[in-house]
Amino acid sequence: MSASAPSFESEALPHLDTLYRVALRLTNNAAAAEDLVQDTMLRALRAWGGFRPGSNARAWLVTILRNQFISGWRSSKRGAQPVDLEAVPELPDMDDPDPEGRFFADLVDDEVLAALDALPDEFREVVVLSDLEGLPYAEVAEALGIPLGTVKSRIFRARRILQGQLRRYAEESGLIRPTEPTP
Amino acid sequence: MTHDAINCTAALAELDAFLRGELPADSVERMQGHLDRCRHCAQIGRYEQAFRDRLQRLGSGTECPPSLRERIATLLGDEPRSG
C-alpha cells in the first residue's frame with residue numbers, strides 16, 4: 001500500500017454524522033438508523049479497494065447507505081398515507097394570510113418530520129440530501145445515480161408537496177387561518 | 001433601472017440557485033435588483049427561504065451517537081484488511 005493513500009478511516013469517519021442523519025430520515029427509527037450506518041461502514045470498508053482516491057467520499061458512502069437501505073430496509077418499514085404526487089400545490093400569492101411563510105418557523109419538528117416521512121422514498125431522499133444536509137445538486141445526483149435534471153425536477157416537486165402538507169398542519173393547528181372556509 | 005434587468009420568469013427560474021448561493025456574482029446583482037423592485041418575487045423568495053430554513057433546522061443538532069461511533073471503530077479494527 002502506498003504511504004500517501006488515504007486510510008478508510010480518514011476518508012469515511014468524518015462523514016458519520018451525515019450518514020447517521022440521512023439514515024435516520026430514511027428509516028425514521030433511531031435503532032434502525034444505527035444498524036444501517038453500521039452495515040454501511042462495513043460494506044464500504046470491504047469495497048474500499050474500488051474507491052478512487054480524490055473522488056467524493058461522502059457521495060460514495062451515501063450511495064452505499066442508500067443501496068443498503070433499498071435492499072434491506074425499505075420493504076420492512078412505514079405505512080404512511082400516500083401523498084398525491086400529481087397535485088403539486090401552488091406558491092402563496094400576495095393575498096395569502098401568511099404570504100411569506102412565517103408559519104414554517106413555528107411548526108414543531110414532529111410535524112415537519114411527519115410530512116417528510118409521508119413523501120415517497122425517491123422524493124424524500126433528494127430533500128434530505130439537498131435541503132437538510134446541504135449537498136450540492138451534483139453530489140446528490142452522484143450519490144443517487146440519477147441525472148442532474150432529475151434531481152432538480154424531483155426536488156422542485158418534493159418541496160411543493162412538503163410546503164402544501166406543512167401548510168395544512170399550520171392551518172389545523174391554528175398557526176394560519178385556512179385559505180378557504182371549511183364547509 | 002438598469003438595461004440588463006430581468007423579468008419575473010427569469011428571476012423565478014434562478015431563485016433556487018440564488019437561495020443556494022450558487023449564482024455568479026453578476027447574476028446575484030441582477031437578481032437582487034429584481035427582488036428590490038418586485039414585491040411578488042420578493043415575497044416568493046422569503047417564503048422559499050422560510051421553508052428551507054425550517055428544513056435545515058431539522059438536520060442540525062443531530063449527530064452520530066458516541067456509542068455507535070465506538071461500535072463502528074471496534075468493528076473496523078476487527079475487520080481483516082487487504083493490501
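See the structure printed just above.
Residues numbered from 1 in each chain as written. Chains lettered and ligands numbered in written order. Predicted model: local features only at pLDDT ≥ 70, side-chain atom pairs only at ≥ 80, totals over all residues. Heavy atoms only, no water.

Trainee: Lay out the overall build of chain A with the relevant residues and their values.
Mentor: From N to C terminus, chain A includes nine helices and zero strands. Counted from the first residue to the last, chain A has its helices and strands arranged as α-α-α-α-α-α-α-α-α. A total of 183 residues make up chain A; the buried ones form 50% of that total. Across chain A, the fraction of contacts at a sequence separation of at least 24, relative to all contacts at a separation of at least 6, is 72%. (Helix = DSSP H or I, 4+ residues; strand = E, 2+ residues; numbered from the N terminus. Buried < 20%, exposed > 50% of the residue type's maximum accessible area, 1.4 Å probe, protein only. Contact = heavy atoms within 4.5 Å.)

Trainee: So what's going on with the overall build of chain B? Residues and values would help.
Mentor: Secondary structure assignment for chain B yields four helices and zero strands. N-terminal to C-terminal, the α/β element order of chain B is α-α-α-α. Computed over its C-alpha atoms, the radius of gyration of chain B comes to 22 Å, more than 25% above the 12 Å expected for a compact globule of 83 residues. Dimensions of chain B, computed from C-alpha atoms along their principal axes, come out at roughly 65 × 30 × 15 Å. For chain B, with 83 residues in total, the buried portion stands at 37%. Measuring between centres, the 11 positive side-chain charges of chain B sit 6 Å from its 13 negative side-chain charges. (Rg over C-alpha atoms; globule rule 2.2 N^0.38 Å. Lys, Arg positive; Asp, Glu negative; His and termini not counted. Charge placed at Lys NZ, Arg CZ, Asp CG, Glu CD.)

Trainee: How would you explain the packing of helix α6 (residues 109-118) of chain A against helix α9 (residues 148-172) of chain A if you had to name every residue and give the values?
Mentor: Residues and elements named next belong to chain A. For the pair α6 and α9, the least separation of the axes is 9 Å and the interaxial angle reads 140°. Classified by the angle their axes make, α6 and α9 are oblique. Judged by the twist between their axes, the crossing of α6 over α9 is right-handed. Across the interface between the two elements, E111, V112, A114, A115 and L116 of α6 pack against L162, Q165, L166 and Y169 of α9. (Axes fitted to C-alpha atoms, helices over the stretch in contact; angles between N-to-C directions. Parallel < 35°, antiparallel > 145°, perpendicular 65-115°, else oblique. Left-handed = near helix turned anticlockwise from the far one by under 90°.)

Trainee: Tell me about the interface of chain A and chain B, and name the residues and values.
Mentor: Between chain A and chain B, the contact holds 47 residues from the first and 34 residues from the second. Between chain A and chain B, the buried area comes to about 3,800 Å², and carbon and sulfur atoms account for 60% of it. When the area that chain A buries against chain B is broken down by residue, the three leading residues are A:M94, A:E100 and A:F104, summing to 16%. Connecting chain A to chain B are eight salt bridges. A salt bridge links A:D17 to B:R69, with the shortest nitrogen-to-oxygen separation between them at 3.1 Å. The interface formed by chain A and chain B holds 19 residue pairs in polar contact (both at pLDDT 80 or more) in total. Those elements that place two or more of their residues in the side of chain A that touches chain B are α1 (8-12), α2 (16-27), α3 (30-46), α5 (103-106), α6, α7 (121-132) and α9 of chain A. Of the residues forming the side of chain A that touches chain B, the biggest block, eight residues, is contributed by α3(A). (Buried area = accessible area lost by both parts, 1.4 Å probe. Salt bridge = Lys/Arg side-chain N within 4 Å of Asp/Glu carboxyl O. Polar contact = N/O pair within 3.5 Å; in protein donor to acceptor, adjacent residues only side chain to side chain.)

Trainee: Pulling in residues and values, what's your account of the environment of A:A141?
Mentor: Residue and element names in this part refer to chain A. For A141, the position within the fold is in helix α8 (residues 137-144). Residue classification places A141 among the buried positions, given a relative accessible area of 10%. For the pair A141 and A59, spaced 82 residues apart in sequence, the C-alpha separation works out to 8.8 Å. Contacts of A141, omitting those with residues within four sequence positions, involve I146, P147, L148 and V151.

Trainee: Tell me what's going on with the side chain of A:D131, and back it up with residues and numbers.
Mentor: Relative to the elements of secondary structure, A:D131 occurs in helix α7. A polar contact is formed between the side chain of A:D131 and the side chain of A:S130, at a distance of 3.0 Å. Excluding anything up to four places from it in sequence, A:D131 contacts A:V126, A:I155, A:R159, B:R20, B:L55 and B:Q56.

Trainee: Report on α3(A), specifying residues and quantitative values.
Mentor: The α-helix advances 3.6 residues per turn, and as a result positions three or four apart in sequence lie on the same side. Residue and element names in this part refer to chain A. Taking 1.5 Å per residue, 17 residues should reach 24 Å; α3 reaches 25 Å between its end C-alpha atoms and fits that length. Residues of α3 that are buried include every one of A32, A33, E34, L36, V37, Q38, T40, M41, L42, A44 and L45, and no others. The N-terminus of α3 is capped by N29, whose side-chain oxygen sits 3.0 Å from the backbone nitrogen of A31. (Expected span 1.5 Å × (residues − 1).)

Trainee: Can you break down the environment of A:A105 residue by residue, with the values?
Mentor: As for its position among the elements, A:A105 is in helix α5. With residues near it in sequence (within four places) discarded, A:A105 still touches B:R54 and B:R57.

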